[in-house]
Amino acid sequence: MQQLILNPRAERRLKLGHLWIYSNEVDTGRSPLKGIEPGSQCEILDSKGKSLGYALTNPNQLICARLVSRKSPFTTKMLKRRLESALALRERYFPHPSYRMVYGDSDGLPGLVVDRFGDYLVVQISSWGMENLVQEIVDTLIALVQPAGVLLRNDHQGRKVEELPEVCEVAHGEVPQMAPFQENGVALLAPVYEGQKTGWFYDHRDNRARLNQWVKGHKVLDLFSYAGGWGVQALAHGASEVTCVDASAQALDWCEENAALNNRQSDLVTIQGKAVDAMKELIAEGHRYDAIVLDPPAFIKRRKDQKSGESAYRHINELALRLLEKNGLLVSASCSMHLESDTLLEILRGAGRHLEKPISIIGSGGQGADHPIHPAIPETRYLKAHFVHLSA
């Protein structure tokens, strides 16, 4: 097995629990990265030659290695144990088999995501290390949960970064275009072939549950709605009317399918277009809503986007507050890892002050138990949502 020797003091993060090794931390004079096969396993040594563990590598990337074991080489037995452990955690927390079953580094399987939709599994791989184990992963998943079908949804942007081939194919059984599942007791369908990511965003489950307690008899606006995770659940929990806004006509069709599944399609209004444009038009027309969900895509994908991204969050939150009825509730969310929760709070404070609207924060949330946070890897903690009450 090839060894990678780190530069002096480069091991400090690893000793604190982190798992990533950057290419500029490797002493390439003593242990060249060139020639290492992507996905191969290497032993990691500190500058004095002490073993720090074993990592799956991709020498062509900035993050050139990810630790998978501290004491001994990573084996298929370890893979099986970690998949079993990940499943046990989810089965303890969730009464229905609808959850993120594997969440990458947090489950000790960097570059692997598995979402479960009842009888169906959707697998996404974004590292050469997991790519080289794909058959073992599929075989183990079949043995663990006996799914009716396993879809390899490997046509995402993360594959390009790792220079992996993009493919979307069924690896086992059959998988329908729309996979049935449940969230917060609501029957839903996930567009697993054509939708974003794996077809669904389970990470907001707990935040949606909190909103569901508020919506009965109320009028709701769901911005950046995608397939209706927030809006359709609000209908199922008694909202009088929900308006879903999304730039994608296909996403709004999925909203309608999910509303029909819950016999509430007549109470769903859809608006295709950019959220900012739609909000401005709704303001001009005098619309107001009792509850508004603002769950945009990441505006700050890189550090250099910080200033413009914070400005974008401030703008859309001000527009949302202008559409909110007195005694209404705004759910202001962000999946930008680079946006701190306190920074979003400051943005909301500034928006309320600028508009002279008396707001208070009645709750805050993050990602659910199926998206566990690795305490040494801040990147695994990305989701935040604040529940903003507008006083009368």
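Check the entry above for the structure.
Reference entry: report on the structure contained in this document. The residue numbering used here restarts from 1 in each chain and proceeds along that chain's sequence as written. Predicted model: local features are reported for residues with pLDDT of at least 70 only, side-chain atom pairs are reported and counted for 80 or more only, and whole-chain, interface and lining totals are derived from all residues. Note: side-chain values were computed over all heavy atoms of the structure, leaving out hydrogens and water.

Concerning the overall build of the protein chain
1) Next: Secondary structure elements are defined from DSSP: runs of H or I of at least 4 residues count as helices, runs of E of at least 2 residues count as strands, and each element is numbered from the N terminus. Secondary structure assignment for the protein chain yields eleven helices and 19 strands.
2) Next: For a compact globule of 392 residues, the expected C-alpha radius of gyration is about 21 Å, and the protein chain comes in at 23 Å, within 12% of that figure.
3) Next: If one aligns the C-alpha atoms of the protein chain with their principal axes, the spans along those axes are about 70 × 45 × 35 Å.
4) Next: Here the term buried applies to any residue with accessible area under 20% of the maximum for its type, exposed to any over 50%, and partly exposed to those in between, with areas from a 1.4 Å probe on protein chains only. With 392 residues in all, the protein chain has 54% of them scored as buried.
5) Next: Contacts between residues were defined by any pair of non-hydrogen atoms, one from each residue, lying within 4.5 Å. Expressed as a percentage of contacts within the protein chain between residues at least 6 apart in sequence, the contacts between residues at least 24 apart total 61%.
6) Next: Under this rule, positive means Lys or Arg and negative means Asp or Glu; His and the chain ends count for nothing. Think of each charge as sitting on NZ of Lys, CZ of Arg, CG of Asp or CD of Glu. On the protein chain, the mean spot of the 45 positive side-chain charges and the mean spot of the 47 negative ones are 8 Å from each other. The globule rule used for comparison is 2.2 Å times the number of residues to the exponent 0.38, while the radius of gyration itself is calculated over C-alpha atoms.

So, the sheet that holds strand S15 (residues 268-272)
Hydrogen bonds along the backbone pair up the strands of a sheet, which may run parallel or antiparallel.
1) Next: Ordered by their spatial adjacency, seven strands build an open sheet running S15-S14-S13-S16-S17-S19-S18, and the pairing between neighbours is mixed. The sheet is open, and its two borders are formed by S15 and strand S18 (359-365), each paired with just one other strand. Ignoring strand direction, the axes of neighbouring strands in this sheet form an average angle of 15 degrees.
2) Next: Axis lines are fitted to C-alpha atoms, over the contacting stretch for helices. Their N-to-C directions set the angle, which ranges from 0 to 180 degrees. This element, helix H6 (residues 205-212), spans strand S16 (289-294), strand S17 (324-334), S18 and strand S19 (384-390) of the sheet and lies at about 15 degrees to S19. What makes two strands pair is DSSP finding at least two bridges between them.

As for helix H4 (residues 134-145)
1) Next: For a helix, the expected span equals 1.5 Å multiplied by the residue count minus one. Taking 1.5 Å as the rise per residue, H4 with twelve residues should run 16 Å; its terminal C-alpha atoms sit 17 Å apart, in good agreement.
2) Next: For H4, the full list of buried residues reads Ile137, Val138, Thr140, Leu141 and Val145. All buried residues of H4 fall inside an arc of 165 degrees around its axis, so they share one side.
3) Next: Phi turns positive, to about 45 degrees, at Gln146, one or two residues after H4. When we speak of the arc, we mean the arc of directions from the helix axis to the C-beta atoms.

Some words on the packing of helix H2 (residues 76-93) against H4
1) Next: It is the contact of H2 with H4, at a shortest axis distance of 10 Å, that shows an interaxial angle of 45 degrees. Relative to H4, the element H2 is oriented oblique. The crossing of H2 and H4 is right-handed. Together, Thr76, Leu79, Lys80, Leu83, Glu84 and Leu87 of H2 and Glu136, Ile137, Thr140, Leu141, Leu144 and Val145 of H4 make up the contact between the two elements.
2) Next: Class assignment for the residues of the contact of H2 with H4 results in seven nonpolar, two polar and three charged. What sets the label is the angle itself: under 35 degrees gives roughly parallel, over 145 gives roughly antiparallel, 65 to 115 gives roughly perpendicular, and the rest give oblique. Each helix crossing is assigned a hand: it is left-handed if the near helix lies turned anticlockwise from the far helix by less than a right angle, otherwise right-handed if that turn is clockwise. Residues were grouped as follows: Ala, Val, Leu, Ile, Met, Phe, Trp, Tyr, Cys and Pro as nonpolar; Asp, Glu, Lys and Arg as charged; and all remaining residues, including Gly, as polar.

Focus on the environment of Val68
1) Next: Residue position: Val68 is located in strand S5 (residues 63-69).
2) Next: Here the alpha-carbon distance between Val68 and Arg82, two residues 14 residues apart in the chain, equals 11 Å.

So, the side chain of Thr380
1) Next: Considering the arrangement of structural elements, one finds Thr380 in the loop between S18 and S19.
2) Next: We classify Thr380 as buried; its relative accessible area is 6%.
3) Next: Within 3.5 Å is the distance limit for a polar contact, defined as a pair of N or O atoms, with the added protein rule that one can donate a hydrogen and the other accept it, and that residues adjacent in sequence qualify only through two side-chain atoms. Looking at Thr380, its side chain comes within polar contact range of the main-chain nitrogen of His374, at 2.9 Å.
4) Next: Not counting chain neighbours up to four residues away, the residues in contact with Thr380 comprise Tyr103, Ser106, Gln367, Pro372, Ile373 and His374.

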